[in-house]
Amino acid sequence: SGTNCDCCEERITNEDYIHYSECEEEYLCDDCSTYIEEREDTCRNVNALYNNYTGYYIYRYDVEQ
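Residues numbered from 1 in each chain as written. Predicted model: local features only at pLDDT ≥ 70, side-chain atom pairs only at ≥ 80, totals over all residues. Heavy atoms only, no water.

**Brief notes about the packing of aromatic side chains**
Aromatic ring pairs are described here by two measures, namely the spacing of the ring centres and the angle between the planes.
Part 1 of the argument: Inspection of the entire model under this criterion finds three aromatic pairs.
Part 2 of the argument: With 5.2 Å between their ring centres and 70° between their planes, Y50 and Y57 make a pair best called edge-to-face.
Part 3 of the argument: Overall, the relative accessible area of 36% leaves Y57 in the partly exposed class. (Phe/Tyr/Trp six-rings, centres within 6.5 Å; stacked < 30°, edge-to-face > 60°. Buried < 20%, exposed > 50% of the residue type's maximum accessible area, 1.4 Å probe, protein only.)

In structure tokens form, the structure reads like this:
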């Protein structure tokens with residue numbers, strides 16, 4: 001049993017290490033995801049931008065639209 005990470009395709013058996021991302025609409029493991037404070041959600045690492053001013057990550061598509 002377990003859930004596959006939709007990014008790296010690894011099977012994650014410990015539910016503490018897999019998260020459903022509302023932003024991406026997929027399951028992501030800890031290694032492939034970054035927590036977005038203002039959304040209270042995770043996204044793929046490649047879609048997370050670090051905001052030097054606030055010190056938090058933001059979702060790329062919130063600022064690139």
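This is not the end of the story, as more comes after the structure.
**Topic: a negative patch on the surface**
Part 1 of the argument: A cluster of acidic side chains, namely D6, E9, E10, E15, D16, D30 and D31, defines a negative patch on the protein surface.
Part 2 of the argument: Looking at the secondary structure, you find E15 in the loop between β2 (11-12) and β3 (18-21).
Part 3 of the argument: Its relative accessible area of 67% is what places E15 among the exposed residues. (Patch = residues over 30% accessible without salt bridge, like charges linked within 9 Å, V, L, I, M, F, W, Y side chains within 5 Å. Areas by Shrake-Rupley, 256 points an atom, 1.4 Å probe, with all protein chains shown as cover. Salt bridge = Lys/Arg side-chain N within 4 Å of Asp/Glu carboxyl O. Lys, Arg positive; Asp, Glu negative; His and termini not counted. Charge placed at Lys NZ, Arg CZ, Asp CG, Glu CD. Helix = DSSP H or I, 4+ residues; strand = E, 2+ residues; numbered from the N terminus.)

**What to know about unusual backbone geometry**
Part 1 of the argument: Located in the positive-phi region is E9, a residue other than glycine, with phi close to 70°.
Part 2 of the argument: Looking at where E9 falls in the secondary structure, it is placed in the loop between β1 (3-4) and β2.
Part 3 of the argument: Phi is positive for E25, which is not a glycine, with a value near 55°.
Part 4 of the argument: Topologically, E25 is positioned in the loop between β3 and β4 (26-29).
Part 5 of the argument: Judged by relative accessible area, which is 63%, E25 ranks as exposed.

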